[in-house]
Amino acid sequence: MTIITPEQFDALYSKLPDADMQLLVETDIETGLRWGELTELRGVDLAAASRTFMISRAVVQVNPEFHPEGKRFYVKDYPKDKEYRRVKVSAQLVAKIRAHIEAQELERNDLLFAIRSQVAPPQPPLQRVPVSDDLGLTEPNAAGRRYRHGTLTAYNAGKCRCQHCKDAFAIYRASRRAANPDARGTKRRTIDTDGHIPRDWFRNQVWTPTIQALALDHPVRVHDLRHAHASWLLAGGADLQVVKERLGHGTIRTTERYLHTLPDTDESAVDAFASIRYRAASQPR
C-alpha cells in the first residue's frame, strides 16, 4: 500500500480550487471518514466544546428506481457495522468549521459540505466562422459536388472535417441550444443532487484536475486520504485499538494493514532502537 506523505498532502491542499474544497479535504484527512460519512456531516454532528464529531449517519448514491422517494441520495442511520462512533479533531479544524458555518449561515441540520447552487454555468458568447472566398471548396463528395469551407453544407453534405467546417457546425449547435435549452438532446446539464456532493462529480471536477496538476509518481484516490489518516496515526505512535475505533473498522486485522506504510517508518524504528541501544553511551559518567 502506497500512502501519500504529509508533504505531498500539503502540495495537494494548495492546488484545490477554493476554500470550501480545502476544508472538505482537510476534514477528510483529519477524520479518516468514508465518503458517505463525510458528505453527510451536518452542523448538529459537531460538539465544538469537546471537538468531537458524532458519526451516526451515512449517505449513499442510488438509482432513483430503488429509492423509496425516487431520489438519488439515500441517508441511512448507522454507518458501517451499525455502530455510532465519535471522532475527535483539532482545535484549528473546529475553528475553521465554525467560521464556515457562520459564513454560509448554516442551520444545525444543514449539510456542512454541499453543492449549494445548481445553476448551469453561463454559456460563452457565440462566434462567427469567417466565410471567405479564400477558404476555397471541399473535395468532391460521392455525388461529385463541392461546397464552400466554413458552411453547414460543407460539413453535412461535403463530409468535410477541416477546422472551419467543424467550427461552423459547433456554432450552429450552440445557437440551437441557446435558442431552445429544453429541446431534446440540448438541455443544459445540471447536477442531479439534493445538496449532497456526488462522488463522481467531486472526482471529475475537483480531485482529478488537482492530482494531475501535481504530477505525483503514484495515483492517489479520494479514499486514499482515509488510508493516509490511519497510517499517519500509527506512525505517530497512536494506539492500534484507538485507531481501529476511530476508523470504525470491524476487526483489528484491518487496522494492522496500515502499520509500516509510510516510507520513513523504518527509519523511525531505527532511531527508536538506537535511542535505547546507545543510551548508556550518552549518559554522563
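Values in this document were obtained by computation on a predicted structure and should not be read as measured data.

## Quick look at the pattern of salt bridges
Right, so step 1: The tally for this structure, following the rule as stated, stands at 8 salt bridges.
Right, so step 2: For Lys 71, the salt bridge goes to Glu 69, with nearest N and O atoms at 3.1 Å.
Right, so step 3: Residue class for Lys 71 comes out partly exposed when judged on its relative accessible area of 41%.
Right, so step 4: With a relative accessible area of 58%, Glu 69 lands in the exposed category.
Right, so step 5: In this structure, the salt-bridge partner of Asp 224 is Arg 221, at a minimum N-O distance of 2.9 Å.
Right, so step 6: The class for Arg 221 is partly exposed, based on a relative accessible area of 48%.

## Some remarks on the sheet that holds strand E1 (residues 46-47)
Right, so step 1: Spatially, the 3 strands line up as an open sheet ordered E1-E2-E5, and their pairing is antiparallel. Only two strands of the sheet have a single neighbouring strand rather than two, namely E1 and strand E5 (85-88).

## Structural notes on the confidence of the model for the chain
Right, so step 1: Looking at the chain, pLDDT values average 82 and 79% of them are 70 or higher.
Right, so step 2: Model confidence for the chain, summarised as mean pLDDT per element, is weakest for helix H11 (residues 265-277) at 55 and strongest for E1 at 96.

## Section: the environment of Arg 98
Right, so step 1: Summarising the element assignment, Arg 98 is placed in helix H4 (residues 91-104).
Right, so step 2: Here Arg 98 falls in the exposed class, since its relative accessible area comes to 52%.
Right, so step 3: Distance in space between the C-alpha atoms of Arg 98 and Leu 46 is 9.4 Å, their sequence separation being 52 residues.

## Focus on the packing of helix H2 (residues 19-31) against H4
Right, so step 1: Relative to each other, H2 and H4 sit at 145°, their axes nearing to 11 Å. As H2 packs across H4, the resulting crossing turns out to be left-handed. Along its contact with H2, which presents Asp 20, Leu 23, Glu 26, Thr 27 and Glu 30, the element H4 presents Gln 92, Leu 93, Lys 96, Ile 97, His 100 and Gln 104.
Right, so step 2: Here the residues of the contact of H2 with H4 sort into 3 nonpolar, 4 polar and 4 charged.

## Examining unusual backbone geometry
Right, so step 1: Positive phi is not limited to glycine here, since Arg 51 has a value of about 55°.
Right, so step 2: For Arg 51, a relative accessible area of 31% gives the class partly exposed.

## Considering the side chain of Arg 246
Right, so step 1: Note on placement: Arg 246 falls in helix H9 (residues 240-247).
Right, so step 2: With no salt bridge to any partner, buried Arg 246 finds its closest opposite charge in Glu 30, at an N-O distance of 5.8 Å.
Right, so step 3: Not counting chain neighbours up to four residues away, the residues in contact with Arg 246 comprise Glu 30, Thr 31, Arg 85, Val 87, Lys 88, His 229 and Leu 233.

Cut-off values and rules
- Residues numbered from 1 in each chain as written.
- Predicted model: local features only at pLDDT ≥ 70, side-chain atom pairs only at ≥ 80, totals over all residues.
- Heavy atoms only, no water.
- Salt bridge = Lys/Arg side-chain N within 4 Å of Asp/Glu carboxyl O.
- Buried < 20%, exposed > 50% of the residue type's maximum accessible area, 1.4 Å probe, protein only.
- Pairing = 2+ DSSP bridges.
- Helix = DSSP H or I, 4+ residues; strand = E, 2+ residues; numbered from the N terminus.
- pLDDT = per-residue confidence, 0-100.
- Axes fitted to C-alpha atoms, helices over the stretch in contact; angles between N-to-C directions.
- Left-handed = near helix turned anticlockwise from the far one by under 90°.
- Contact = heavy atoms within 4.5 Å.
- Nonpolar A, V, L, I, M, F, W, Y, C, P; charged D, E, K, R; others polar.
- Lys, Arg positive; Asp, Glu negative; His and termini not counted.

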